[in-house]
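Examining the three-dimensional arrangement
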Amino acid sequence: MALFRSSTRTIPASPEVPRHIAIIMDGNGRWAKQRLLPRIAGHQRGVETVREMVKTCRQLGVEYLTLFAFSSENWRRPADEVSFLMQLFLKMLEREVSKLHENNVRLKIIGDLSRFDEQLRQYITDAEKLTSANDGLTLTIAANYGGRWDIMHAVEGLWKAHPEMQGNFAEEDLEPYLSMHYAPEPDLFIRTGGEQRISNFLLWQLAYTELYFTEILWPSFDRAALEAAIQSYQKRERRFGRTSEQLTENQS
Ligand code: IPE
Ligand code: IPE
Ligand code: MG
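What comes next is a walk through the structure. (Residues numbered from 1 in each chain as written. Chains lettered and ligands numbered in written order. Predicted model: local features only at pLDDT ≥ 70, side-chain atom pairs only at ≥ 80, totals over all residues. Heavy atoms only, no water.)

**Some details on the packing of helix α2 (residues 39-60) against helix α7 (residues 223-234)**
Closest axis-to-axis distance for the α2/α7 pair is 10 Å, and the angle between their directions is 50 degrees. Here α2 is positioned oblique relative to α7, judged by the angle of their axes. Our pair here, α2 against α7, has a crossing hand that is right-handed. Facing α2, whose interface residues are Glu52, Met53, Thr56, Cys57, Gln59 and Leu60, α7 presents Arg223, Leu226, Glu227 and Ile230. Its residues placed into classes, the contact of α2 with α7 shows five nonpolar, two polar and three charged. (Axes fitted to C-alpha atoms, helices over the stretch in contact; angles between N-to-C directions. Helix = DSSP H or I, 4+ residues; strand = E, 2+ residues; numbered from the N terminus. Parallel < 35°, antiparallel > 145°, perpendicular 65-115°, else oblique. Left-handed = near helix turned anticlockwise from the far one by under 90°. Contact = heavy atoms within 4.5 Å. Nonpolar A, V, L, I, M, F, W, Y, C, P; charged D, E, K, R; others polar.)

Next comes the structure, spelled out in structure tokens:
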């Protein structure tokens, strides 16, 4: 049985403060370039923003924060940038996990981890295990993640477990095999850095998510910018396929 209501089969609640915020953290390279710094300096500063977002989301009562850190297509970048990003990820895990644990944060990593080296994979397993019982914010980092990979991987998982379902399965059969099965679908999606695209992030899960794009580059994104995104979300009318009139009738 699915843990959360699917937006295509039932109508989920639309909480005032989004329960789940998913963010494409974009613009690190341009932030650095504007300051005549190497791109990696932008990634380094981006980690500061991650810290601030985790803190702010905890304070605001957001239950799930999902951050896109490395896409399945980011391997196409120059080898030294890729290797710097991997090192940064490992260092972040080493440095931050105990703090996250102290703050009751549950850490999850989603994506195809098979391409990561053994040391990194071990850190991920340990960090998830250590924080698994925490019931404050759930922080998910998407690393070597791709929305299409997620769906293909789920289909593979379902068919392995239930060969009889090949060619004959429903959305709810597949959902437990998707990488974010433990979370409700995002209420609010934010992309910093000005691009207006999904870049193969959570394709399945964003079906009815409110989308918000901002020009602010990730290292400059701060609490006020997050609050502005939430305010924009609060003004939206989430219809999930219904008419506006139906919503007004339901309220009266
Ligand atoms: C986002 O910033 C971080 C990653 C994709 C890892 P970018 O590195 O894409 O920054 P821009 O888009 O080049 O400015
Ligand atoms: C998306 O950013 C991926 C992450 C933020 C991890 P990109 O900068 O890689 O996206 P594109 O290539 O501009 O679409
Ligand atoms: Mg980019």
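Additional details are given in the paragraphs that follow.
**Structural notes on the site of ligand 1**
Close contacts around ligand 1 come from Met25, Asp26, Gly27, Asn28, Gly29, Arg30, Arg39, His43, Ala69, Asn74, Arg77 and Leu85, and that covers them all. A distance of 3.4 Å is found between an oxygen atom of ligand 1 and a backbone nitrogen or oxygen belonging to Gly27. Within the contact set of ligand 1, an oxygen atom lies 2.7 Å away from a side-chain nitrogen or oxygen of Arg77. Broken down by secondary-structure element, the contributors of at least two residues to the shell around ligand 1 are α1 (28-34) and α2. Take the shell around ligand 1: its biggest share by element is three residues, from α1. Residues that form the shell around ligand 1 fall into these classes: three nonpolar, five polar and four charged. (Near = heavy atom within 4 Å. Polar contact = N/O pair within 3.5 Å; in protein donor to acceptor, adjacent residues only side chain to side chain.)

**Some thoughts on the site of ligand 2**
Inspection of the region around ligand 2 gives Ile24, Met25, Asp26, Phe68, Ala69, Phe70, Ser71, Asn74, Arg77, Arg191, Arg197 and Ser199 as its neighbouring residues. Here an oxygen atom of ligand 2 sits 2.9 Å away from a polar atom, N or O, in the side chain of Asn74. In the model, an oxygen atom of ligand 2 is placed 2.6 Å from a nitrogen or oxygen of the Ser199 side chain. Surface burial for ligand 2 is 78%, taken as the share of its 390 Å² of free accessible area covered by protein chains. Per-element tally for the shell around ligand 2: the top contributor is strand β2 (residues 64-71), with four residues. When grouped by side-chain class, the residues that make up the shell around ligand 2 number five nonpolar, three polar and four charged. (Areas by Shrake-Rupley, 256 points an atom, 1.4 Å probe, with all protein chains shown as cover.)

**Some remarks on α7**
For α7, built from 12 residues, the straight-helix expectation of 16 Å at 1.5 Å per residue is met to within 8% by its first-to-last C-alpha distance of 16 Å. Every buried residue belonging to α7 is among Ala225, Leu226, Ala229, Ile230, Ser232 and Tyr233, and all of these are buried. Angular distribution of buried residues about the axis of α7 spans 155 degrees; they occupy a single face of the element. (Expected span 1.5 Å × (residues − 1). Buried < 20%, exposed > 50% of the residue type's maximum accessible area, 1.4 Å probe, protein only. Arc of directions from axis to C-beta.)

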